[in-house]
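# Structure assessment
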Amino acid sequence: MNPKAIESKWQKKWTEAKAYESEPGGDKEKYFVNCPYPYMNGYLHLGHAFTYLRADMVSRYQRMQNKNVLFPFAFHCTGTPIVAAAQRVEEGEKTQIKALKQMGLSDTLIKKFSKPEEWTKHFPDKAITDLKKFGASIDWRRSFITTSLNPPYDAFIRWQFNKLLAGEYLIKGSFPVVWCPKRGTVVGDHDRLSGEGETPQEYTLLKFKGDDDYLVAATLRPETVFGQTNIWIDGEGTYAKAKVGNETWIMSEEMPSKLELQGHEVEVLGSVEGRDLIGKKYQAPEIHKELMVLPSKFCDASIGSGIVTSVPSDSPDDYQGLIDLQNSEKECKSWGIDFAEVSKLEPIAILDSGEMGTLPAPDLCKKLGIKDQTDRGKLEKAKQDLYLHSFNNGVMLESSGFISGKPVAEAREMVKTKLVENSEAIVYYELTGPVKSRWMADCKVKIVDNQWFLAYGDEKWTETTELALKSMELYPSKARNQFEYVLQWLNNWACVREKGLGTKLPWDDNWVIESLSDSTIYMAFYTVAHHLKDLDEDKLTDTLFESIFGSGNTKEASEELKIPQADILDWRNEFNYWYPYDLRVSGKDLIQNHLSFSLYNHTAMFEKEMWPKGFAVNGWVLVDGEKMSKSKGNFFTLKELVTNYSADVVRFTLCNAGEGLDDPNWELSFAETAGKKLENWLNFVKENRGKGRRDSHPVDDWFRAIMSDTAYKATKASDRLKFRTSTRLLFFELPQYYKWYLQRVGEPNAEILHEYLSMITRGIAPVVPHIAEEAWSLLDEEGFVINQQFPKGKESDIGFLIGEDLIKQTLEDTKAILNIAKIEKPSEIVLITSPKWKWEAVQAAGDLADGRGQVKLNQLIGSFMPQIPNDSKKVGAEFLKKWVLKDIPSLGPEWQERYKVLIDEKAILESSIDFFSKIFDCPVSVINAENAVSRLEPKSKQSAPLRPAIFVS
RNA sequence: GCGGGGGUCGCAUAGCCUGGCCAAUUGCGCCGGACUUAAGAUCCGGUCCUUAGUGGUACGAGGGUUCGAAUCCCUCCCCCCGCACCA
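If you're wondering where the values come from, they're calculated on a predicted model, not measured in any experiment.

Basis of the calculations
- Residues numbered from 1 in each chain as written.
- Chains lettered and ligands numbered in written order.
- Predicted model: local features only at pLDDT ≥ 70, side-chain atom pairs only at ≥ 80, totals over all residues.
- Helix = DSSP H or I, 4+ residues; strand = E, 2+ residues; numbered from the N terminus.
- Rg over C-alpha atoms; globule rule 2.2 N^0.38 Å.
- Buried ≥ 20, exposed ≤ 12 C-beta atoms within 10 Å, placed from the backbone.
- Contact = placed C-beta atoms within 7 Å.
- Pairing = 2+ DSSP bridges.
- pLDDT = per-residue confidence, 0-100.
- Axes fitted to C-alpha atoms, helices over the stretch in contact; angles between N-to-C directions.
- Parallel < 35°, antiparallel > 145°, perpendicular 65-115°, else oblique.
- Nonpolar A, V, L, I, M, F, W, Y, C, P; charged D, E, K, R; others polar.
- Expected span 1.5 Å × (residues − 1).
- Arc of directions from axis to C-beta.
- Core = buried A, V, L, I, M, F, W, Y, C linked by C-beta atoms within 7 Å.
- Domains from an automatic or database assignment.

Let us look at the overall build of chain A. Secondary structure summary: chain A contains 38 helices and 32 strands in total. The C-alpha atoms of chain A give a radius of gyration of 39 Å, which is well past the 30 Å a tight globule of 953 residues would have. Considering only C-alpha atoms, chain A reaches an extent of 115 × 80 × 55 Å along its principal axes. Here chain A holds 953 residues, and the buried ones make up 42% of them. A separation threshold of at least 6 residues defines the contact pool for chain A, and within that pool the share at least 24 residues apart is 75%.

Okay, structure coming up:
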C-alpha cells in the first residue's frame, strides 16, 4: 500500500471520529498547546512546518500521556504587507505578479489579488488543506482570521485595548520614524533599496545666539559644551536662513524640510554664504561665551546642520582643525580673521577619560601622527575610539559646572535636559546612515505625533512580567537568559499605525492597531472562538468579553445582550478550563518581540492563574546546512514537500532535523531514505506479528530490561520536547539491541516480540502518526494508536545488564583479535577469566579509594599482597600497579559500581559457549586463569575482571 | 558594537549543565561481503593511526584547574540569531 493512500485513509478516519475536536471536562488533566499563527501573504513553507510539527508532536505526545489536549490554529492578516502586496498587484508590478505566478496561481486569480480580502481568503484555505494533509492534530472548529474582516476577533481586540487603556498600560507620545517623503509612509527595513538597519538617532541641536539670528549645530555629545572654543563652518558652502517658530536660524539647505517633518514650523527666508559668517561671534549655549565662527574642511554644508561646535579637548577633528589654522597665518588672512585671536584658542579639559587622560583628542592626534584635518582615515578611527572610550570610562571634571563628578553617560542626559528646558537646544533626529526607499526616494526622519504606546518600558509592568517569566517552564531552559535580557531591554512599543489591515483603535478610528500588538492574548480567544462565530455583531461588546474572560457578571451581561446566561457561563467555563495555556511553541526570533509582548499583555489582562505556563523556542530550518531562500532554489512549501515525499516522511525528516535552539537541518538524503525506513517498519510488523516462541530464555530478561530502559529514556526526552532523541532511541537504537537479542536467542519470545512491536509503534506515533496507525491496525489492536499510552518504562540498574555487556565486549574483542592476527578461520578459542584475587584486588582498591576515588599504591600493596597466592606475587604486583592504580582510582563512581558485585564471569561465558561457537564456527571453551596451564598460561596473565584474556589459534 | 546560542572522528548529529565504563551515539555517505543475470532494496562487516589486544593522536586554537577534561575556568579565532515599530 502506498504511503499517500495510508495517510489519507487515516486522516479520514480521524476526522470522522472527531479525534482532534477537544471539549472541556472529564477526568483527564487538560493540556493546551499552541503556536504563533502564520502571516497570510503566501503558502506555508518548511520553516512553518517545523514549528507546527513540534506543537503537533507535543499535542500528540500529551494525548498519549492520557491528557485532554487542545491544539488550535488561526491566521494572521493584520498589518501592511498584504495591503502593500495587493496594491502592487493593482499597479501591475512585475516582480509581485511573478512571485504569485511562481506560487502556481492562475492569471485570473492573480487579478483578484489586487483586493486584500482575496489574500485573507485564499491563503488560509490553502493552509488548512496543507496542514490537514500534513497530519496536524488541530481542532479546526476554533480557527479564525484576524482584523476587522472577522467581527468577533475585531471586537475581542477592541475589548483588549479598552482594558489596557483603563489600566494605564497605554500611553500617548511622539515617535521618530524613517519616512519616505515621496510615498508619505513609514519605511521599514524590508521597504528599503539600501540602508537596511539604519535608524533615527537622537542628536542635541545646539543654538548659538547671534544679534538677530541663531546658528544651529547638532551634536551627539552635549556634555562637551563646557569645552567649546569656537564654531566650525564650511567656508565654501551655502546655508539657508529660515524662520523656525519665532526665531531665525541659519542651517544647511537640507535642514528646513527635515525640521518640518520633525514637527517644527519652518519658513525659508533666503540663503547665506558660509564665507560671510566667518569671523562673526555667537553666544554658545550653557557656557554663554562669545565664540568665533571659523572655517573648516571637514564641515560639509550638506550634512546635518552643516555647522559644528568645536571641542578640541575631546574631538580629534576639532583639535586638528584648530591646529591647522594656528599653523597658517596665511590661511587666516585669506578668510579675514584675526590670527592672534585664533592662536590664543586652547583645548579646555572637561572630563577625565581614564587611561586616555583629560585631553584625549590632542594626545590621540599626536600619538597617531595625524598630518592635518584631511587625514580622514586616521581621524575617523580616532573619533570612534574616543567616543566609545569616553562614554564608558569618562568622568566629568570640576570645570564642567553642574555635572562635575558625574560619569559621561549620566552627564549627557542631564546636560541635554537642561539645554532643552532653557531653550538653548532642541532634540533633533538624523538617520544613522542614508536610506533609500523602494520608491527610490531618500528617506528622512519624521516625528509621528499622538502615537499610542504599550508601556513595556514601565518598571512596574516589567516587574510583574518578570514574575510571570519566573513561574514559566522554558524549552530549552537555556532560552531563559535571552528572555530575561529582553524584558530589561524592551521599551515602549508604538502600537498603532496609520495604514494597513487590522482593528481600529476603539476611541480614535484614524489609527489601526499594529500587528504585533493585536496578537498577544489571542490564545484565550481560541477557547471560545467557535461559540462566538455566529453571534450578531451588536452582541460583541466589552460586556460580553469581560464576562467571559474577565470579572464581568454573566447575569448582567446576559440581560444586556439578550444571550442566555447558560451560554455565557459555558463559554466562561470553557475559557477557565483550558486557560492558561501550557505551552506555546515558536521560532527563537520571536523571543524579542512577540513572546515577550504576549507575556506582558497576559499580566495586564488576566489574573495570575491565567499566565502562560510554558514557551518552547527553536531555531530556523536550514536545508542541507544552508539558509532556505527563494533565490538559492532551496525554498520548499509544505504542500510540495508533502506531495513529493508524503506527510510522514516530511515529519520524520523534520523531527530528525534538530532540537533545541540550534538551527535544525533538513537533510535531503534523509528525506530520500526515510520513506523506505518507514515502509520497512510496516513490513517488519507485518512479518513478525503473532510470531515468537512460547518458552523463556535467559536473555529474555535482559532484553525486557533494555526495552524498559529505552522507554524510560524516550519519555524523559519527550517531556522536554526532545522528540528527535526519543525517536532515535526507539526507532534506531532499540532495533540495534533487538538485533543482538535475536543473535543471542535465535527466535524471540512471543510476548517480548509483541511488546517490541507495540512499543515502537506507539513511540513513533507522535512523529509519524499515519504509519504508526497503520502498523497498529496490523497488530490487530483496538482503537487508534494516537489515543494509546506512550511507552512507559523504568531505568534499569547496571548490575542487570553487566552480564550481557560482558558477552558483547568479549565478542567484539575476539573479533578484533582475529582481525589483527589475520586469522580467518580459528581452530580454537579459549576465554580465560581472571583469577579471584584480581577481583578482590579491584574491590579492595575500590574500598580504599578516598572521596575523589584515589588510592595510595603502597597502602594497597601493603594490605593486599599477603592475599595473593605465592606463585602469582610477581604478576600480582604488576597487576596492582598497572590495572588497579592506573584505572580504578582514576575512574568514577559508576565504574567502581561495576566491580562491586562479584559476578561469575565463567558461568556467564560458559552459558554462551554455543553462541560463540556458532559465530566463529570452532570449539570454544572457558577456563579460569587459576587453572591455566602450559600454552594458555602466558596469555592468562592478561585476564582482568570483566575483560577475559582471549586465546585463539 | 551590545545581548543570546554555537564550533565533536567525510557530512549531519548525541555527549557538556552534574568531569571518570568516551576513540566518543545515531543517521547519511563511503568501502568490503551475502543475496541477485544485473541494478535497486535488504542483510552482515568495516570506516582516526598503529598493534596477536589494553598504545598514540583527537572534540575550533592556546593556556589553566585536576590524579583525571569533549565536559569546569581564562584568552583568542570563527559561525548563527536578535538589536524594534516589522511580519
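Below, the discussion takes up the sheet that holds strand β23 (residues 504-505). With respect to topology, three strands assemble into an open sheet ordered β22-β24-β23, the strand pairing being antiparallel. Since the sheet does not close on itself, it has two edges, and those belong to β22 (496-497) and β23, each with one partner. Bridging between β23 and strand β24 (residues 508-513) involves two bridges; their strand directions are antiparallel. Looking at the pairing, L505 lines up with D508 of β24.

Glancing now at the confidence of the model for chain A. Confidence in the prediction for chain A averages 86 pLDDT; 93% of positions are at 70 or higher. Per-residue pLDDT stays below 50 along residues 887-891; that stretch engages in 13 contacts with residues further than four places along the chain or on separate chains. As a predicted assembly, this complex carries a pTM of 0.83 together with an ipTM value of 0.89.

Time to look at the sheet that holds strand β28 (residues 626-627). Remark on secondary structure: sheet strands pair via backbone hydrogen bonds, oriented parallel or antiparallel. What the three strands build is an open sheet, ordered β28-β27-β29; its pairing is mixed. Strands at the two margins of the open sheet, each flanked by one partner only, are β28 and β29 (665-666). Of the strand pairs in this sheet, strand β27 (residues 622-623) and β29 are connected by two bridges, and their pairing is parallel. Looking at the pairing, L622 lines up with N665 of β29.

Let us look at the packing of helix α27 (residues 698-719) against helix α29 (residues 750-764). Across the interface, α27 lies against α29 with an axial gap of 11 Å and an inter-helix angle of 10°. Accordingly, the angle class assigned to the pair α27 and α29 is roughly parallel. Here α27 contributes D700, F703, R704, M707, A711 and A714 to the contact with α29, which in turn contributes I752, E755, Y756, M759 and G763. Per-class residue counts for the contact of α27 with α29 are seven nonpolar, one polar and three charged.

Bringing unusual backbone geometry into the picture now. Here the amide bond leading from Y475 into P476 is cis, since omega sits at -5°, within 30 degrees of zero. Structurally, the position occupied by P476 is in the loop between β20 (473-475) and α17 (479-489). Between Y579 and the following residue, P580, the backbone shows a cis peptide bond with an omega angle of 0°. In this fold, P580 is placed in the loop between α22 (565-578) and β25 (583-587). You will see that H288, though not glycine, has its phi angle at about 50°, which is positive.

With 18 residues, helix α14 (residues 376-393) should cover 26 Å at 1.5 Å per step; its first-to-last C-alpha distance of 25 Å lies within 8% of that length. Every buried residue belonging to α14 is among L379, A382, L386 and S390, and all of these are buried. Looking down the long axis of α14, one finds its buried residues gathered within 60° of arc, a one-sided arrangement. Exposed and facing more than 90 degrees away from the buried side of α14 are G377, E380, Q384, L388 and N392. As for α14, its buried residues are in contact with α10 (316-326), β15 (351-352), α13 (360-368) and α15 (408-421).

Let us look at the nonpolar core. Counting residues in hydrophobic clusters, the biggest one holds 149 residues, and the most contacted among them are V33 and A49. If one sorts the elements of this core by residue count, helix α2 (residues 46-63) sits on top with nine residues. Taken together, domain 1 (3-167 + 470-527 + 579-623) and domain 3 (689-796) each give at least three residues to this core, which thus spans both. For A49, the residues in contact, after removing those within four places along its chain, are L44, F134, L638, V650 and L654.

One turn of an α-helix holds 3.6 residues; hence residues three or four places apart share an orientation. When the terminal C-alpha atoms of α29 are compared, their 21 Å separation across 15 residues agrees well with the 21 Å that a helix rising 1.5 Å per residue should span. When you tally the buried positions in α29, you get 11 out of 15 residues, the bulk of the element. If you check which residues of α29 are buried, you get I752, L753, Y756, L757, S758, M759, I760, T761, R762, G763 and I764. Packed against the buried residues of α29 are α26 (668-688), α27, α28 (723-745) and α30 (769-778).

Turning next to the packing of α10 against α13. Following both chains from N to C, one finds α10 and α13 inclined at 70°, their axes separated by 8 Å at the closest point. The pairing of α10 with α13 is recorded here as roughly perpendicular in orientation. On α13, the residues touching P316, Y319 and Q320 of α10 are A361, P362, L364 and C365. For the contact of α10 with α13, the class distribution of residues is six nonpolar, one polar and no charged.

Our next topic: the environment of K126. Locating K126 in the fold gives a position in helix α6 (residues 116-134). Judged by C-beta crowding, with 18 C-beta atoms within 10 Å, K126 ranks as partly exposed. Separated by 162 residues in the primary sequence, K126 and H288 have C-alpha atoms spaced 69 Å apart.

Here strand β7 (residues 214-219) runs beside strand β10 (residues 247-252); their pairing, made up of two bridges, is parallel. For Y214, the partnering residue across the bridge sits in β10 and is W249. Pairing of strand β9 (residues 238-244) with β10, which is carried by six bridges, proceeds in the antiparallel orientation. Bridge pairing links V244 to E247 in β10.

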